[in-house]
Amino acid sequence: MTHPFLDLPPLTADHFAAIERRVARLLATEQDVVITQGEALLPLEGCIRGGARPGSTALNVVTGPYGQTFGNWLRDCGAQVVDLAVPFHTAVTADQVAEALAEHPEIDFVSLVHAEAATGNTNPVAEIGEVVRAHGALFMLDAVASVGAEPLLPDAWGVDLCVIGAQKAMGGPAGVSAVSVSARAWERIAANPAAPRRSYLSLLDWKERWIDGGRTALPHAPAQLEMLGLEACAARIEDEGLETVMARHASAAAATRAGAVALGGGLEPYVHEARDAAPVSTTLRTPAGTDAAALVTAALAADPALPLVAGGGALSKEMIRVNHYGADATRGAVLSSLAALGAALTDAGRRVDIEAARRAVSETWPSR
Ligand SMILES: *Cc1c(COP(=O)(O)O)cnc(C)c1O
């Protein structure tokens, strides 16, 4: 008897190369795409260890928790790190990046997170890319939470290393990720004596053993489940249409924001300006005197399938995340999440208006 996810034949080189091309299409990129079997932190670490070295100066833009991780890796590599941190309730501006670059002309590497699923903000990468390009630094972008949720154009924006993961708006498995690598990035990494070699973190190993060999012989057996999952979610996006998938995420974010405001009870959008709010997830600030984690626990007790989670670390007291991405980028998931939060707030002694929230969702995201 065959099992649905056991007994799979090995993935062929042709099939693997076809999945790479599908990912490249999704990113509208002409650059090399390297698919990495592992969560996105794997290529992110590989990019930093390949691109940074003792003697480099890196501008690390911190708009959420991942930027902090990147800063630590950059310092591990012996790079000087200039941290540009902005509060999690806003986005960084291209002017702020330009100012940091002007203050530190020696900066040769810039790391930025596009959308932050953990804090609900998103950054204007097209404008920032122009500034970074004019300066000449290598530009690494963490697009894990933006791919599939909002426009992502690494080539047009001058992104040298664009990292994505399948598990957020792409609606795919958590164990696979990819990075597009520009010719400049390959040159930089190849010229870095400290870049990982003969290592799972080595992008160069992949280039030499797979890409430069004409993509004919796989260096190792790819994880079939993850690769088939990546192929399936990219194909599903193509079938629905990338524009439609992105519009669904944008509508989910706008409807959640409007619905939460109408719900009341002291709940407020965590990200102050709607233009800085990420389509992938909406973060909400809970009223003083309540505990965000306790409200989420109460809401999930009614329906454990809702895409609700409390903020990480210190944010768990004051932030609720509505993860309306992938299969949860639906009006139904938004409405149920708001209703459950409304009930939890009511139980906590707050006055809410669930009908008003429902109306706000319908008005913001009309069903046609
Ligand atoms: C979810 C997320 C990641 C982490 O992806 P993993 O696959 O869990 O490593 C990285 N960056 C951002 C911005 C994310 O939202």
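Here, every reference points to the structure presented above.
Residues numbered from 1 in each chain as written. Predicted model: local features only at pLDDT ≥ 70, side-chain atom pairs only at ≥ 80, totals over all residues. Heavy atoms only, no water.

S.K.: For this particular structure, what's the right way to read the overall build of the protein chain?
M.R.: Across its full length, the protein chain carries 12 helices and 11 strands. For a compact globule of 368 residues, the expected C-alpha radius of gyration is about 21 Å, and the protein chain comes in at 21 Å, within 12% of that figure. Split into buried and exposed, the 368 residues of the protein chain put 52% on the buried side. Partitioning the contacts of the protein chain with sequence separation of at least 6, the portion at a separation of at least 24 is 69%. A total accessible area of about 15,400 Å² is found for the protein chain, and carbon and sulfur atoms account for 53% of it. (Helix = DSSP H or I, 4+ residues; strand = E, 2+ residues; numbered from the N terminus. Rg over C-alpha atoms; globule rule 2.2 N^0.38 Å. Buried < 20%, exposed > 50% of the residue type's maximum accessible area, 1.4 Å probe, protein only. Contact = heavy atoms within 4.5 Å. Areas by Shrake-Rupley, 256 points an atom, 1.4 Å probe, with all protein chains shown as cover.)

S.K.: For this particular structure, what's the right way to read the nonpolar core?
M.R.: A general feature of soluble globular proteins is that nonpolar side chains tend to end up buried together. Formed by 78 residues in total, the largest nonpolar core has its most connected members in Ile-35 and Leu-59. The dominant element in this core, judged by the number of residues it contributes, is helix α1 (residues 13-26), at 7 residues. With 24 residues, the next largest nonpolar core counts Leu-284, Leu-308, Leu-345 and Trp-365 among its residues. (Core = buried A, V, L, I, M, F, W, Y, C linked by side-chain atoms within 4.5 Å.)

S.K.: Even after reading the chapter, I still don't get the site of the ligand, so can you show me in this structure?
M.R.: By nearness alone, every residue bordering the ligand is listed as Glu-39, Ala-40, Leu-41, Tyr-66, Val-113, Ala-115, Ala-117, Asp-142, Val-144, Ala-145, Gln-167 and Lys-168. Here Glu-39 contributes a side-chain N or O atom positioned 2.7 Å from an oxygen atom of the ligand. Contact between the ligand and Lys-168: an oxygen atom at 2.6 Å from a side-chain N or O atom of the residue. Taken by itself the ligand offers 380 Å² of open surface, and the protein chains cover 92% of this. Its residues placed into classes, the shell around the ligand shows 8 nonpolar, 1 polar and 3 charged. (Near = heavy atom within 4 Å. Polar contact = N/O pair within 3.5 Å; in protein donor to acceptor, adjacent residues only side chain to side chain. Nonpolar A, V, L, I, M, F, W, Y, C, P; charged D, E, K, R; others polar.)

S.K.: Explanation requested: the packing of helix α11 (residues 331-347) against helix α12 (residues 354-364) in the structure shown.
M.R.: The description of two packed helices rests on the angle between their axes and on the distance between the axes. For the pair α11 and α12, interaxial distance at closest approach is 10 Å and the crossing angle is 160°. As the angle between them shows, α11 and α12 are arranged roughly antiparallel. Crossing geometry of α11 relative to α12 is assigned as right-handed. In this structure, α11 uses Arg-331, Val-334, Leu-335, Leu-338, Ala-339, Gly-342 and Ala-343 to contact α12, whose residues at the interface are Ile-354, Arg-358 and Val-361. For the contact of α11 with α12, a count of residues per class yields 7 nonpolar, 1 polar and 2 charged. (Axes fitted to C-alpha atoms, helices over the stretch in contact; angles between N-to-C directions. Parallel < 35°, antiparallel > 145°, perpendicular 65-115°, else oblique. Left-handed = near helix turned anticlockwise from the far one by under 90°.)

S.K.: Would you take a moment to explain the sheet that holds strand β5 (residues 138-142) for this structure?
M.R.: Whenever strands of a sheet pair, they do so through backbone hydrogen bonds, lying parallel or antiparallel. Taking strand neighbours across the sheet as the criterion, the 7 strands line up as β1-β7-β6-β5-β4-β2-β3 in an open arrangement whose pairing is mixed. The open sheet terminates on both sides in strands that have one partner only, identified here as β1 (32-37) and β3 (80-85). Pairs of neighbouring strands in the sheet enclose a mean axial angle of 15°, with direction left out of account. This element, helix α5 (residues 125-135), spans β4 (109-113) and β5 of the sheet and lies at about 160° to β5. (Pairing = 2+ DSSP bridges.)

S.K.: So what exactly am I meant to see when it comes to the sheet that holds strand β8 (residues 268-269) here?
M.R.: A sheet is described by the order of its strands in space; here 4 strands give the open sequence β8-β9-β11-β10, paired in antiparallel fashion. Two strands lie at the open edges of the sheet, namely β8 and β10 (308-310), each paired on one side alone. Two elements, β8 and strand β9 (residues 282-285), share 2 bridges in a ladder whose sense is antiparallel. Bridging from a neighbouring strand, Glu-268 pairs with Arg-285 of β9.

S.K.: Explain unusual backbone geometry to me, please; I cannot follow it from the model alone.
M.R.: A negative phi angle characterises most non-glycine residues, just as the trans form characterises most peptide bonds. We note that Asp-7 has phi near 60°; this positive angle belongs to a residue other than glycine. Looking at the element boundaries, Asp-7 is found in the segment before α1. We classify Asp-7 as exposed; its relative accessible area is 59%.

S.K.: What exactly am I supposed to notice about the packing of aromatic side chains here?
M.R.: Each aromatic ring pair is described using two quantities: the centre-to-centre distance and the angle formed by the ring planes. Applying the stated criterion across every chain, the model contains 4 aromatic pairs. Relative to Trp-210, the ring of Phe-16 lies with its centre 5.4 Å away and its plane at 75°, an arrangement referred to as edge-to-face. A residue pair is termed long-range when its members are at least 10 positions apart, and Phe-16 in helix α1 and Trp-210 in helix α7 (residues 203-211) qualify at 194 residues. Owing to a relative accessible area of 2%, Phe-16 belongs among the buried residues under this scheme. Judged by its relative accessible area of 1%, Trp-210 falls in the buried class. Centroid distance Phe-70 to Trp-73: 6.1 Å. Interplanar angle 20°. Geometry classified as stacked. (Phe/Tyr/Trp six-rings, centres within 6.5 Å; stacked < 30°, edge-to-face > 60°.)

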